[in-house]
Amino acid sequence: MKKIQKLTQEINELTVRIEHEYPELYRYLDENPIAIPVDDEAKPTIKSFADYLESLKSILEKYMESHNK
């Protein structure tokens, strides 16, 4: 199982890639309904980080499929 630190690094790298290669998509990332919880009652977990990373990958994949035709 991946540690939160590794997941954070992957999230950061993917976000930077999207920011540089797909700036038109990057501006919508803050509207992503799947996010890592940040309030006191919902502690971030490895699962929440992994889910967020997968959602970023999915968003990018769908974007690339729809814009590379």
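Residues numbered from 1 in each chain as written. Predicted model: local features only at pLDDT ≥ 70, side-chain atom pairs only at ≥ 80, totals over all residues. Heavy atoms only, no water.

Some words on the nonpolar core
Generally speaking, a soluble globular protein has its nonpolar side chains buried in company with each other. Grouped together as the largest cluster of nonpolar side chains are 13 residues, with contacts concentrated most on Ile 11, Leu 14, Ile 18, Tyr 22, Leu 25, Leu 56 and Leu 60. Listed by contribution, the elements that provide at least two residues to this core are helix H1 (4–21) and helix H3 (46–67). A per-element tally of this core places H3 first, with 6 residues. (Core = buried A, V, L, I, M, F, W, Y, C linked by side-chain atoms within 4.5 Å. Buried < 20%, exposed > 50% of the residue type's maximum accessible area, 1.4 Å probe, protein only. Helix = DSSP H or I, 4+ residues; strand = E, 2+ residues; numbered from the N terminus.)

Topic: H1
For H1, spanning 18 residues, the distance from its first C-alpha to its last is 25 Å, which sits close to the expected 26 Å at 1.5 Å a residue. For H1, the set of buried residues is Leu 7, Glu 10, Ile 11, Leu 14, Thr 15 and Ile 18. All buried residues of H1 lie within an arc of 130° about the axis, which places them on one face of the element. Exposed residues pointing more than 90 degrees away from the buried face of H1 are listed as Gln 5 and His 20. Close packing links the buried residues of H1 with helix H2 (23–26) and H3. (Expected span 1.5 Å × (residues − 1). Arc of directions from axis to C-beta. Contact = heavy atoms within 4.5 Å.)

Observations concerning H3
For H3, with 22 residues, the first-to-last C-alpha span of 32 Å sits near the 32 Å given by 1.5 Å per residue. Of all the positions in H3, only Ser 48, Phe 49, Tyr 52, Leu 53, Ser 55, Leu 56, Leu 60 and Tyr 63 are classed as buried. Projected down its long axis, H3 shows its buried positions confined to an angular sector of 155°, all on one face. In H3, the exposed residues that point more than 90 degrees away from the buried face are Lys 47 and Lys 62. Residues of H3 that are buried make contact with H1 and H2.

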